[in-house]
Amino acid sequence: MPRRLYSCTPSRLNTWLDCRRRYRFTYLDRPQPSKGPAWAHNSVGASVHNALAGWWREPYERRTPLTAAILLTNGWITEGFRDAEQSGRWLGRARDLVSGYVATLDPSDDPVGVERTVATRTKVIALSGRIDRLDRRGDELVVVDYKTGRRPLTQDDARSSLALAVYAVAASSMMRTPCRTVELHHLPTGEVIEWRHAEESLARHIARAEEVAMEASEADDRYRAAVSGRSGPRRPPGERQTIGPPQVPDEVDKLFAPNPGPICSWCDFRRHCPEGQAAGPERQPWDGLAE
């Protein structure tokens, strides 16, 4: 029998590469183990992304820096901050970030897509993902990805990104238009990091995605066979409680071994992973902010 295509996103594949235990907790365990508190830096990033997406949906005459600031303020996410004072301070910073960025844009240059879902498939995988912005430059498309983190970016970040390569291939396939250029727009510094792929480099990324997908798919199948018919812990209606990962046979648990390292301090599932707790100190929800 032909094998069913493995449906995935770049995030799912990257999670498998980063830590197989986190992959299991995220995509397989049901009910999903309880996560830790929300991260403030994620709230900033989501608020900025939402405001920029909304800005392009405004009529041309309203595409101004002031509109961007208003959209950011109205959609501000307050989760993860230490207190209202810190949230308000970062709201001001984020307003400056989005208004300063849109001031560099041509409001009449409508993108091909904003928060656009694209998809492609091979003989092995069915890939999908959502692009922050898809531009048309001449006869080609360009994938644009917004970044709000404090770490400066390099051209290697754009070149090596599996997600950006997948988006380029999928956009080209769906739009029947060449798409080889990917860009990271780092809003804190105003830098635009560009990489132009060759057909060979895009093919290498897709081949790598297939390789990772095959590994993950085989582990998924063994996990499902092991837990089939088992019922996990249930949360009583109206009651909030911590849900832990279900028990699985040792041979299955080994398929999803953790990958301890500095990133464990930032893991949503740290409370369920002794190896991750030993790998680094516990972080406060606002520690990712560049204070």
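See the structure shown above.
Rules and cut-offs
All residue numbers refer to position in the chain's written sequence, counted from 1. Confidence filtering applies because this is a predicted model: local features only for residues at pLDDT of at least 70, side-chain atom pairs given and counted only at 80 or more, and all residues used for totals across whole chains, interfaces and linings. Here the side-chain values reflect all heavy atoms present in the structure, with hydrogen atoms and water set aside. Whether a residue is buried, partly exposed or exposed follows from its accessible area with a 1.4 Å probe, protein chains only, as a fraction of its type maximum: under 20%, in between, or over 50%, in that order. Each helix is a run of H or I in the DSSP string that is no shorter than four residues. Each strand is a run of E no shorter than two, and both are numbered from the N terminus. When DSSP locates at least two bridges between a pair of strands, those strands are taken to pair. Definition of a polar contact: a pair of N or O atoms within 3.5 Å, with one able to donate and the other able to accept a hydrogen when the atoms are protein atoms, and with sequence-neighbouring residues admitted only if both atoms are side-chain atoms. Only heavy atoms matter for contacts: two residues are in contact if any of them lie within 4.5 Å across the pair. Stacked, edge-to-face and tilted labels apply to pairs of Phe, Tyr and Trp rings (six-membered ring for Trp) whose centres lie within 6.5 Å, assigned for plane angles under 30 degrees, over 60, and everything in between, in that order. Charges are assigned to positions over rings by a cutoff of 6 Å between ring centre and Lys NZ or Arg CZ, combined with an angular limit of 35 degrees from the ring normal.

Peer 1: What should I look at first to understand the pairing of strand S4 (residues 140–147) in this one?
Peer 2: Within a regular strand, side chains alternate between the sheet's two faces. The buried count for S4 comes to seven of eight residues, which makes it a mostly enclosed element. Sheet analysis places strand S3 (residues 125–137) next to S4, joined by five bridges and oriented antiparallel. Bridge pairing in S4 links Leu134 to Val143. Between S3 and S4, which pair antiparallel and follow one another directly, the connecting turn spans two residues, one of which, Gly138, has a positive phi of 65°. As paired elements, S4 and strand S5 (residues 179–186) share seven bridges and run parallel to each other. Considered in S5, the bridge of Tyr146 is made with His185.

Peer 1: Explain the side chain of Ser201 to me, please; I cannot follow it from the model alone.
Peer 2: Position of Ser201 among the secondary structure elements: in helix H8 (residues 199–227). Separated by 2.9 Å, the side chains of Ser201 and His197 make a polar contact.

Peer 1: Can you walk me through the environment of Glu194 in this structure?
Peer 2: Relative to the helices and strands, Glu194 is located in strand S6 (residues 191–196). Glu194 gets classed as partly exposed once you look at its relative accessible area, which sits at 41%. Sequence spacing of Glu194 and Ala168 is 26 residues, and the spatial spacing of their C-alpha atoms is 13 Å. In this structure, Glu194 is in contact with Gln155, Thr181, Val182 and Glu183, ignoring residues within four places of it in sequence.

Peer 1: Hey, could you run me through the packing of aromatic side chains in this one?
Peer 2: Each aromatic ring pair is specified by the distance between its two centres and by the angle formed by the two planes. Enumeration according to the criterion identifies 10 aromatic pairs in this entry. On the numbers, 5.1 Å between centres and 80° between planes, the contact of Trp16 with Tyr23 is edge-to-face. Residue Tyr23 is classed as buried on the basis of its relative accessible area, which comes to 0%. Centroid distance Tyr223 to Phe256: 6.0 Å. Interplanar angle 85°. Geometry classified as edge-to-face. Here Tyr223, found in helix H8, pairs with Phe256, found in the loop between helix H9 (250–253) and helix H10 (274–279); they are 33 residues apart in sequence, far enough to count as distant. The same class applies to Tyr223 as to Phe256, namely buried. By the ring-pair criterion, three or more aromatic residues cluster together here, those being Trp16, Tyr23, Tyr27, Tyr223 and Phe256. Lying across the ring of Trp90, Arg93 places its NZ or CZ 4.4 Å from the centre.

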